[in-house]
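# Per-entry structural report
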Amino acid sequence: MIREGWEAMPILFGADPIQTEVQVILAALADGKVIDDAVERQYVDLKEEHGRRDRQGGIGPSSPRNQEAAQELAAAAACMANTPGGGALIVGVSDDGQLIGTDLEAEWLRHRMWELSGKALTVDVATHEVSGRRLLVLRAPQALEPIRVNGKIRWRVGTNCVEIDAHTWHARRMADLNFDWSSEESSVPVEAARPVALELARELLRASGEDHSEELAADTDRSLLRRLNVVSPGGRLTNAGVIAFVGRGDPGLDYVRRAQAGGDSLSRLRRPDRSLIEELVEVFQAVDANTPTIHVQHGLVIGQQREIPRRAAREAIVNGVAHREWGVSEPTLVEHVGRLLRVTSPGGFIGGVTTDNIITHPSRSRNRALAELLAALRVAEREGIGVDRMVADMVSVGHPAPVIEEVPGPYVRAELIGDDLDVGWIQWLHSIDPANEADDLNSLLILRQLVVTGWIDPLRAATTIQDTVSAAFGALAKLSRASIVGAPIVETIIGSPDGTDPVWRLSHAGADLLRRLDGQVNRTRVWPSRERVAASYAKARGRISSTELASLVGAYASNVGTVLKRLEEDGVLAPSRASRRGTGFYYRYIGEPA
């Protein structure tokens, strides 16, 4: 985020020695003082823009996109971030302490430094004008994992950056890795908590219906805050308490509603000087108001179902504030465009989380105390459960699983696509016995994959559920014990070679029931064609026989030979023997369709 000065964040979340040192140095520069090596600096370093000096030492013009400067500043900022507490760089001051200014583009520089650090370094950039000279202040927050630039890890020893190895970094920083900024004491007294935020917190607790929460909601303001663990031993609010009950001045959330992509904004919520609890409740209400509901019948019971499940939408929004980088002043953006809900929050993935393992990777929050507070108020799931529930809620109504990825910035972006509810699928899931099988995330993901592709084996299932092959074996075995209309819901195919992993498909009973339920609601489901099933199976398994294909699609082996011959003509398959006859004959996979 690019800001005009530090004044954009009026609330001080506890003692901030870096900000204090920056302000002291800027004030000294404004007074005409020379800031050289003789001036003690613990957290701040001064930088002139690299590449501006000519051979005689004269200072030339600044370049808005100076690659040499970006490289040097990335290394210097990474050094600060690798050091406990982080630090800041003031760009536009010469090596001898004179003001020379800089024309570097702030947003370009921020993004370029992120790229040069292997997409690991996020700096906050503020512009300042001092005595007619434009300066940039680059704030590098403390890193949770070592940041490399040019393949090297460096951190500050005194006023110098020195290289260290990864083992030493981890050994010396192990205690710091458990540092939780949101649990630290702020400078804000308990009495600053906004009355409306406290009342909303009580309403959230009462809405949970839990006896403990009801009792907690009835407590006094101070006792309520203490029991929510947002009061420090010194009697002040923690940083999590300030965020949740006071606010930071700048908006924490920015909600935009549009009818379609590129359309005008129909409504927008971006209000400063409010607590996060107030912002969350208001955004929740806006999402609810703008999300259509339909009636879905389950047997004799008719229930309401939202196009985007409420719990999934709220979990995406809460994750976007609970786990974000609060050292950046920009808000978490919630875009509600047609049937799409997109939440974009500052700061990338941490702790080894990626798009491909986010369901099963051990959860780790930048702001553990804030995440626990939101869970205690029942606006979020306990840490480590929320993403699972979000995915399950979307898939259970026939929507694609949410896409959660890191994008340049870095930001984390979660997209929930709420197309037409798949009523046949919803009713089909309610027909499974035991009923709780339809609530199991692994079973949901595997069943959806079977409907889309027609088959699955443990290796493909492992990718689908984001877990190990052995865990996928267990999930498939468990699902095999479930039934629908009195028959197994999945079954293994015949014909796969001995010694290879088994392959599962939907049972005839399961597939037939889903087709009947689709017909009752006039839905035409696109099932994978025989050619598509054969091609995907052969590509993944390296081979396919008429016996395997017949078992996959529920046909006689004599009726699927033409499918395999067409794929041979298309250059996808080749016969294992020229005669195309005899026991054990099969086709080999040789390439993509023409």
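Data block above holds the structure.
Summary of the structure given here.

## Here's the deal with the packing of helix α14 (residues 441-453) against helix α16 (residues 469-480)
Put simply, α14 and α16 touch, their axes get as near as 10 Å, and they point 85° apart. It follows that α14 is roughly perpendicular to α16 by the angle criterion. Judged by residue contacts, Asn 442, Ser 443, Ile 446 and Leu 447 of α14 engage Ala 475, Leu 476, Lys 478 and Leu 479 from α16. A per-class count over the contact of α14 with α16 returns five nonpolar, two polar and one charged.

## Some remarks on the packing of helix α10 (residues 310-322) against helix α12 (residues 386-395)
How two helices pack is summed up by the angle between their axes together with the distance between the axes. The interhelical angle for the contact between α10 and α12, taken along N-to-C directions, is 145°, at an axis separation of 8 Å. Crossing of α10 over α12 shows left-handed handedness. Residues Arg 311, Ala 312, Glu 315, Ala 316 and Asn 319 of α10 pack against Gly 386, Val 387, Arg 389, Met 390, Asp 393 and Met 394 of α12.

## Regarding the nonpolar core
By size, the foremost hydrophobic cluster in this structure holds 97 residues, and its most contacted members are Phe 245, Trp 428 and Leu 447. Element by element, the count of residues in this core is highest for helix α9 (residues 276-289), at eight residues. Non-local contacts of Phe 245, meaning those with residues more than four positions away in its chain, are made with Ala 193, Arg 194, Ala 197, Leu 198, Ala 201, Leu 225, Leu 228, Val 230, Ser 275, Ile 277 and Leu 373. Met 80, Ala 81, Val 91 and Met 113 belong to the second-largest nonpolar core, a separate cluster that totals 27 residues.

## A look at the pattern of salt bridges
Scanning the entire structure with this criterion turns up 40 salt bridges. With its nearest N and O atoms 3.2 Å apart, the salt bridge here joins Arg 112 to Glu 115. Here the residue Arg 112 and the residue Glu 115 both occupy positions in helix α3 (residues 106-116), the gap between them amounting to three residues, near one helical turn. For Glu 115, a relative accessible area of 36% puts it in the partly exposed group. Where Glu 437 meets Lys 478, a salt bridge forms, and the shortest distance between an N and an O atom there is 2.9 Å. Of this pair, Glu 437 sits in the loop between β19 (432-433) and α14 while Lys 478 sits in helix α16, and the two are 41 residues apart along the sequence. What makes Glu 437 buried here is its relative accessible area of 4%. Looking at Lys 478, the relative accessible area reads 30%, which means it is partly exposed. Ionic contacts of the salt-bridge type, sharing partners, join the residues Asp 422, Arg 448, Asp 518, Arg 523 and Arg 525 into one network.

Quick notes on the rules
- Residues numbered from 1 in each chain as written.
- Predicted model: local features only at pLDDT ≥ 70, side-chain atom pairs only at ≥ 80, totals over all residues.
- Heavy atoms only, no water.
- Axes fitted to C-alpha atoms, helices over the stretch in contact; angles between N-to-C directions.
- Helix = DSSP H or I, 4+ residues; strand = E, 2+ residues; numbered from the N terminus.
- Parallel < 35°, antiparallel > 145°, perpendicular 65-115°, else oblique.
- Contact = heavy atoms within 4.5 Å.
- Nonpolar A, V, L, I, M, F, W, Y, C, P; charged D, E, K, R; others polar.
- Left-handed = near helix turned anticlockwise from the far one by under 90°.
- Core = buried A, V, L, I, M, F, W, Y, C linked by side-chain atoms within 4.5 Å.
- Buried < 20%, exposed > 50% of the residue type's maximum accessible area, 1.4 Å probe, protein only.
- Salt bridge = Lys/Arg side-chain N within 4 Å of Asp/Glu carboxyl O.

Note that every value here comes from positions in space, so none of it alone points to a role or purpose.
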